[in-house]
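Architecture and fold: a report
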Amino acid sequence: MTKTLSSETEKPVRILNAAVIVAALGYFVDIYDLLLFGIVRTDSLKDLGITGDAIRNQGEFLISMQMFGMLFGGILWGILGDKKGRISVLFGSILIYSVANIANGMVTTVDGYAFWRLIAGIGLAGELGAGITLVTESLPKEKRGYGTMIVASVGVSGAVVAYLVYQIFQDWRLCYYAGGILGLLLLFLRISISESGMFKKVLESDEKKGDFLSLFTNKKRFSKYVQCILIGIPLWFLVGVLITFSPEFAKALGVQNFETIAAGKAIAWCYGGLIFGDIASGLLSQWLKSRKKVMYLFLTFNLIMVYVFLNAFGITASTFYLLCFIMGFSVGYWVLFVTIAAEQFGTNIRATVTTTVPNFVRGSLPLIIIIYGFFRDTIFNGEILKSAMIVGTLLSIISILALRKLNETFHTDLNYSENETQTLAQ
């Protein structure tokens, strides 16, 4: 049972501190690599000799391999984050995905590509959770929403930069090299940050830390954990299916000059909107002093935009990209989603939760693709628009029902443990 300990010590803390800056830059490189494959998917596979429908099929396979890596990495880094520290995860994860990025630029076969996307996924899994955990524990409750907003808004801009880098180099291999080098350079900045006071106190105690299985042995804790995952899934359906495979949707919609629609450009427009969405949701949450109210607004807006997008027949290419931007804005609740997860659990298991939850959301993409493929190929005989509307609607309804069960966490003090009564003075 969760037992509350002493509340956070009230003391002046700068929002833009070292932890926030480093976490934001780390997430920036993380998103750069995570979305880079979607941007270079078609050209990189063509360069490896893949043509026709095999580009879509192999693209789905490679995305799934990356997401499987993130599922495994989420558990690994989450446990290490609670046992060894948030900083160690930030160092280890960025080292692995930086090396994997460079290796991705050297692949010559699809199998080699799949292996290094798997390794990259493992490395990418630790960055966001460890960074958000460190930031939420380093700032008082009145300010931590601003801190996580900065991390998310700076981080997601990495997708826009990935697209711009590709436009400059026009070489998918050089884009991977650039991401790897950026990651290695970031390691030097990590030297200036230290662990949160909350974690140091837990580390010195006999409290059991990073017990991933404990999330499944307590009914209430397990239910809360699953609900945290479910509220984020609509976002990854939109990004992982609608945006990543936007050229296919543009063709089905009869978009004017649909052959000019590029997945990389759609991703850049989507994440451009997501930047503003994260800022808007973060500020609105601080103003309303509520996470859940803003989540409801964005989940509803997201469902509306899915319907608008999938019924936008015959629009121009420019309008299509504008819709990608607005859809990105509609899923700008990513910062709230991860913050809610961090605020739901005690310090001794917080990194495990905050790292695994977003990666289980990302890792749900293979299952989402299977469900979407079932509707597309079995129920609707290749009709991708109806299939996407059904899947998008189901996921949105599930997420809204899950959100109803979660507690409001805006005013929650995070200085507590899941299982012990000992005071953890910050």
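Residues numbered from 1 in each chain as written. Predicted model: local features only at pLDDT ≥ 70, side-chain atom pairs only at ≥ 80, totals over all residues. Heavy atoms only, no water.

1. Remarks on the packing of aromatic side chains
One pass over the structure, following the stated rule, counts 21 aromatic pairs. When the centroid spacing of 5.7 Å and the interplanar angle of 80 degrees are considered together, the rings of Phe 37 and Tyr 113 count as edge-to-face. Note that Phe 37 is positioned in helix 1 (residues 18-47) and Tyr 113 in helix 4 (residues 110-124), a separation of 76 residues in sequence. Summarising the burial analysis for this pair, Phe 37 and Tyr 113 share the class buried. (Phe/Tyr/Trp six-rings, centres within 6.5 Å; stacked < 30°, edge-to-face > 60°. Helix = DSSP H or I, 4+ residues; strand = E, 2+ residues; numbered from the N terminus. Buried < 20%, exposed > 50% of the residue type's maximum accessible area, 1.4 Å probe, protein only.)

2. What about the packing of helix 2 (residues 54-83) against helix 17 (residues 350-363)?
Close contact between helix 2 and helix 17 brings their axes to 7 Å; oriented N to C, the two are set at 175 degrees. Taken as axis vectors, helix 2 and helix 17 run roughly antiparallel relative to one another. Packed against helix 2, whose contacting residues are Met 67, Met 70, Leu 71, Gly 74, Ile 75, Trp 77, Gly 78, Ile 79, Gly 81 and Asp 82, the element helix 17 presents Arg 350, Ala 351, Thr 352, Thr 355, Thr 356, Asn 359, Phe 360, Arg 362 and Gly 363 at the interface. (Axes fitted to C-alpha atoms, helices over the stretch in contact; angles between N-to-C directions. Parallel < 35°, antiparallel > 145°, perpendicular 65-115°, else oblique. Contact = heavy atoms within 4.5 Å.)

3. As for the domain arrangement of the chain
In terms of domains, the chain is made up of domain 1 (14-199) and domain 2 (216-411). Once you take the C-alpha centre of each, domain 1 and domain 2 turn out to be 19 Å apart. In this assembly, 50 residues from domain 1 lie in contact with 47 residues from domain 2. Interface of domain 1 and domain 2: buried area, both sides summed, is about 4,000 Å²; carbon and sulfur atoms make up 69% of it. Sorting the residues of domain 1 by area buried against domain 2 places Met 67, Asp 82 and Met 149 first, and these three jointly supply 12% of that buried surface. The interface formed by domain 1 and domain 2 contains four salt bridges. Glu 248 is paired through a salt bridge with Arg 41; the nearest N and O atoms lie 4.0 Å apart. Across the contact surface, domain 1 and domain 2 share 13 residue pairs in polar contact (both at pLDDT 80 or more). (Domains from an automatic or database assignment. Buried area = accessible area lost by both parts, 1.4 Å probe. Salt bridge = Lys/Arg side-chain N within 4 Å of Asp/Glu carboxyl O. Polar contact = N/O pair within 3.5 Å; in protein donor to acceptor, adjacent residues only side chain to side chain.)

4. Thoughts on the confidence of the model for the chain
Per-residue pLDDT for the chain averages 86, and the proportion of residues at 70 or more is 92%. Low pLDDT (under 50) marks residues 1-11, which in the prediction has 39 contacts with non-local residues, meaning those over four places away or in another chain. Within the model, pLDDT remains below 50 along residues 420-426, and this stretch shows 25 contacts once partners closer than five positions in the same chain are excluded. (pLDDT = per-residue confidence, 0-100.)

5. So, the environment of Ile 340
Locating Ile 340 in the fold gives a position in helix 16 (residues 334-343). Between the C-alpha atoms of Ile 340 and Leu 406, which are 66 residues apart in sequence, the distance is 9.0 Å. Setting aside residues no more than four positions away along its own chain, Ile 340 makes contact with Ile 231, Arg 291, Met 295, Leu 406 and Thr 409.

6. What to know about the pattern of salt bridges
Charged atoms that come close allow side chains of opposite charge to pair. This model, assessed by the stated rule, comprises 10 salt bridges. For Glu 137, the salt bridge identified is with Arg 86, shortest N-O distance 2.7 Å. Separated by 51 residues along the polypeptide, Glu 137 in helix 5 (residues 127-138) and Arg 86 in helix 3 (residues 86-104) bring together distant segments of the chain. Summarising the burial analysis for this pair, Glu 137 and Arg 86 share the class buried. A salt bridge links Asp 377 to Arg 376; its shortest N-O distance comes to 2.9 Å.

7. Thoughts on a nonpolar patch on the surface
A grouping of Leu 16, Ile 21 and Leu 25 is seen on the molecular surface, where their side chains present a nonpolar patch of about 230 Å² in accessible area. Relative to the helices and strands, Ile 21 resides in helix 1. In this structure Ile 21 comes out as partly exposed when scored by relative accessible area, which is 38%. (Patch = residues over 30% accessible without salt bridge, like charges linked within 9 Å, V, L, I, M, F, W, Y side chains within 5 Å. Areas by Shrake-Rupley, 256 points an atom, 1.4 Å probe, with all protein chains shown as cover.)

8. Observations regarding helix 19 (residues 384-405)
An α-helical segment advances 3.6 residues per turn. Residues three or four places apart therefore align on the same side. Under the 1.5 Å per step criterion, the end-to-end length of helix 19 is 32 Å for 22 residues, consistent within 8% with the ideal 32 Å. Taking the backbone nitrogen of Leu 385 as reference, a side-chain oxygen 3.0 Å away marks Glu 383 as the first, capping residue of helix 19. (Expected span 1.5 Å × (residues − 1).)

9. So, the nonpolar core
Formed by 132 residues in total, the largest nonpolar core has its most connected members in Tyr 113, Leu 242, Phe 249, Tyr 271 and Phe 320. Top element by residues in this core is helix 1. It accounts for 17 residues. Taken domain by domain, the makeup of this core includes at least three residues from each of domain 1 (14-199) and domain 2 (216-411). Excluding residues that lie within four positions of it along the chain, Phe 249 makes contacts with Val 241, Leu 242, Phe 309, Leu 310, Tyr 372, Ile 384, Leu 385 and Ala 388. (Core = buried A, V, L, I, M, F, W, Y, C linked by side-chain atoms within 4.5 Å.)

10. Considering the side chain of Ser 44
Positionally, Ser 44 belongs in helix 1. Side chain to side chain, Ser 44 and Tyr 113 meet in a polar contact 3.1 Å long.

11. Comments concerning the environment of Leu 414
As for its position among the elements, Leu 414 is in the segment after helix 19. Sequence separation between Leu 414 and Val 331 is 83 residues, and the spatial gap between their C-alpha atoms is 26 Å.

12. Quick notes on helix 10 (residues 219-230)
The terminal C-alpha atoms of helix 10 lie 16 Å apart, and with 12 residues this matches the ideal 16 Å at 1.5 Å per residue to within 8%. Looking only at helix 10, the buried set comprises Arg 221, Lys 224, Tyr 225, Gln 227, Cys 228 and Ile 229. Its buried side turned inward, helix 10 meets helix 9 (214-217), helix 11 (233-243), helix 16, helix 17 and helix 19. Near the N-terminus of helix 10, the side chain that reaches the backbone nitrogen of Lys 220, with its oxygen 3.1 Å away, is that of Asn 218.

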